[in-house]
Amino acid sequence: MDYRLFGNTGLRVSELFLGAMTFGEEAGGVAFDTAREIVDAYAEAGGNVIDTANIYLGGHSEEYVGRLLEGRRDRFVLATKYTLSRDRSDPNAAGNHRKNLVASLEDSLRRLRTDYVDVYWAHIWDPFTPIEETMRALDDVVRAGKVLYVGFSDAPAWLVARANTLAEWRGWTPFAGIQVPYSLIRRDAERELIPMAEALGLSVAAWAPLAAGILSGKYRTPGAKGRHDAAKLPERSHTIADAVVEVAGELGVSPAQVALAWIRARSERVFPLVGASGAAQIKDSLASLDLVLPDEASARLEAVTGFEVGFPRDFMAEHKTHGAL
């Protein structure tokens, strides 16, 4: 396992982040002993980032992570999130405003059995809260020592850029990273978000890198069901999954390893955020770190996605090609 810096900070993070969204047998996720096996296998390989959220499986995910890290908390980069509703009967139990931030953080610290989190993410853009309020409130919890670094998940590029400009001007803590959905099936982040991250020096945690299992090939069997129903998937998803499986067969690796290797090769700023239902699955994902896709294979995979970067980048590239830039 190699390590890279998290955004424009000195924090060393592993090449693969572990997502704990499925931890919590009480709420339909994986059992505690299985979660321990997953974390132990990840840590043994050198992984050091565990990502969760206050709403994952009703808080059980944070509770499991807190128990799993007892006695070794400081060896991990522990990340959690706030924004989504903690109580739908309370209008102030959701959003990126100061009241929800403070209450959510205190709940998370209690469940995680720690007095600080390494990375605190705003979970999604809240258009009702001024970004100035969010940035100042995040800076306050950093100054209080309860949070070390901050990030933004599921937000437009222009908002992240504006937030970090405000932080720079006003001496607040800037976002060090973003979280975005990114996979061969969903490449939207290549239009604005990843270029912004590269320009501003932010890290990118790529969630759903296997498109909720589609790219593992599990839905190629008629009638297969999970988070998706194979019969209801778009033809494009099946076409891309078939290409991934074909490349995997040629290289003698798993489809998941191919999908993760493709993401890792796209940008040094991108870190796949992987989940697991057991130790075998996380070990399979970790094996992707040793895989370098041949250029021809990458080109084939990208061709079947049918992705177009769109305006203005395609327009600018055209003018650069013609010597106008």
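Quick note: structure is the one above.
Residues numbered from 1 in each chain as written. Predicted model: local features only at pLDDT ≥ 70, side-chain atom pairs only at ≥ 80, totals over all residues. Heavy atoms only, no water.

## So, the overall build of the protein chain
And then number 1: For the protein chain, the count of helices and strands is eleven helices and ten strands.
And then number 2: In terms of overall dimensions, the protein chain is globule-like: its C-alpha atoms have a radius of gyration of 20 Å, near the 20 Å expected for 325 residues.
And then number 3: Over its C-alpha atoms, taken along the principal directions, the protein chain stretches across nearly 55 × 50 × 40 Å.
And then number 4: Scored against the burial criterion, the 325 residues of the protein chain give a buried share of 52%.
And then number 5: When contacts within the protein chain are restricted to residue pairs at least 6 apart in sequence, those whose partners lie at least 24 apart make up 76%.
And then number 6: Of the roughly 15000 Å² of accessible surface on the protein chain, a fraction of 51% belongs to carbon and sulfur atoms.
And then number 7: Treating the 36 positive side-chain charges of the protein chain as one cloud and the 44 negative ones as another, the clouds have centres 3 Å apart. (Helix = DSSP H or I, 4+ residues; strand = E, 2+ residues; numbered from the N terminus. Rg over C-alpha atoms; globule rule 2.2 N^0.38 Å. Buried < 20%, exposed > 50% of the residue type's maximum accessible area, 1.4 Å probe, protein only. Contact = heavy atoms within 4.5 Å. Areas by Shrake-Rupley, 256 points an atom, 1.4 Å probe, with all protein chains shown as cover. Lys, Arg positive; Asp, Glu negative; His and termini not counted. Charge placed at Lys NZ, Arg CZ, Asp CG, Glu CD.)

## Concerning the sheet that holds strand β3 (residues 17-19)
And then number 1: Read once around its circumference, the closed barrel built from eight strands follows the order β3-β4-β5-β6-β7-β8-β9-β10, with strand pairing classed as parallel. Taking each pair of neighbouring strands and ignoring which way they run, the sheet shows an average axis angle of 30°.
And then number 2: As paired strands, strand β6 (residues 117-122) and strand β7 (residues 147-153) are joined by five bridges and run parallel to one another. Each residue of the ladder has a partner; that of Trp121, found in β7, is Gly151.
And then number 3: Contacts between helix α4 (residues 131-143) and the sheet are confined to β5 (77-82), β6, β7 and β8 (175-181), with β7 contributing the most and set at about 155° to the helix.
And then number 4: Those strands touched by helix α8 (residues 255-266) are β9 (203-207) and β10 (270-274), and its axis lies near 155° from that of β10. (Pairing = 2+ DSSP bridges. Axes fitted to C-alpha atoms, helices over the stretch in contact; angles between N-to-C directions.)

## Focus on the packing of helix α1 (residues 32-44) against helix α2 (residues 60-68)
And then number 1: Where α1 meets α2, the axes come as close as 10 Å, and the angle between the chain directions of the two elements is 60°. Looking at the two axes, α1 sits oblique to α2. The hand of the α1/α2 crossing is right-handed. Each of Phe32, Ala35, Arg36 and Val39 in α1 lies in contact with α2, whose residues at this interface are Tyr64, Arg67 and Leu68.
And then number 2: Looking at the contact of α1 with α2 residue by residue, the classes come out as five nonpolar, no polar and two charged. (Parallel < 35°, antiparallel > 145°, perpendicular 65-115°, else oblique. Left-handed = near helix turned anticlockwise from the far one by under 90°. Nonpolar A, V, L, I, M, F, W, Y, C, P; charged D, E, K, R; others polar.)

## Side note on the environment of Ala241
And then number 1: Tracing the chain through its elements places Ala241 in helix α7 (residues 235-251).
And then number 2: Separated by 64 residues in the primary sequence, Ala241 and Thr305 have C-alpha atoms spaced 9.9 Å apart.
And then number 3: Discounting chain neighbours no more than four positions away, the residues touching Ala241 are Ile214 and Leu215.

## Some details on the packing of aromatic side chains
And then number 1: Applying the stated criterion across every chain yields a total of eight aromatic pairs.
And then number 2: Taking 5.2 Å as the distance between ring centres and 20° as the angle between the ring planes, the aromatic pair formed by Tyr82 and Tyr120 counts as stacked. Of this pair, Tyr82 sits in strand β5 while Tyr120 sits in strand β6, and the two are 38 residues apart along the sequence.
And then number 3: We classify Tyr82 as buried; its relative accessible area is 0%.
And then number 4: The aromatic ring of Phe32 is capped on one face by Arg67, whose charged end is 3.8 Å from the ring centroid.
And then number 5: It is Arg73 that lies over the ring of Tyr116; its NZ or CZ is 4.1 Å from the centre. (Phe/Tyr/Trp six-rings, centres within 6.5 Å; stacked < 30°, edge-to-face > 60°. Lys NZ or Arg CZ within 6 Å of the ring centre and 35° of its normal.)

Such coordinate-based values are descriptive only and should not be taken to indicate function.
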